[in-house]
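The lines below spell out each chain.
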Amino acid sequence: MRGNHIIPSKNLRVPGANPKGVIGRSPVMIQRRNAALLHRYFWYDKDKKLSYEFIIKKLSEEVFLAQYTIIEILTCNVSMLSELRKTKPSLSHLKKEFPQYTWN
């Protein structure tokens, strides 16, 4: 098959992504994605003071999820959002915890 020597799919492993060898969606990776999404939402809301609709659209573009999926994740994790509002993580904490994002 063309290109099969470039990316050897059988040997492709992500450390810690699938510790038990279970095939499918990793709950650990989903939790990490949701945590990043919630922190990003918090930052857009509190630091940037953007509108809810704009934040949802922006997050959809950043994490490649449908807007309704993002709304569902926010709704299911309202307790974590409340905790973020209480603790108010600093910009340096966000940069350290999620270095893949630009926090300016």
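Report follows, based on the coordinates.

What counts and how
Residues numbered from 1 in each chain as written. Predicted model: local features only at pLDDT ≥ 70, side-chain atom pairs only at ≥ 80, totals over all residues. Heavy atoms only, no water. Core = buried A, V, L, I, M, F, W, Y, C linked by side-chain atoms within 4.5 Å. Buried < 20%, exposed > 50% of the residue type's maximum accessible area, 1.4 Å probe, protein only. Helix = DSSP H or I, 4+ residues; strand = E, 2+ residues; numbered from the N terminus. Contact = heavy atoms within 4.5 Å.

## A short note on the nonpolar core
At step 1: Leu37, Leu59, Ile70 and Leu74 are the most contacted members of the largest nonpolar core, which has 22 residues in total.
At step 2: Breaking this core down by element, the ones donating at least two residues are helix H1 (27-46), helix H2 (52-63), helix H3 (67-76) and helix H4 (78-87).
At step 3: With eight residues, the top contributor of residues to this core is H1.
At step 4: In this view, Leu74 contacts Leu37, Leu38, Tyr41, Ile56 and Leu81; residues no more than four positions away in its chain are not counted.

## Points about the environment of Arg85
At step 1: With respect to the helices and strands, Arg85 occurs in helix H4.
At step 2: The exposure class assigned to Arg85 is partly exposed, which follows from its relative accessible area of 33%.
At step 3: Each C-alpha atom, one on Arg85 and one on Lys46, is 8.7 Å from the other, the two residues being 39 residues apart in sequence.

Function-wise, these values are silent; they only describe arrangement.
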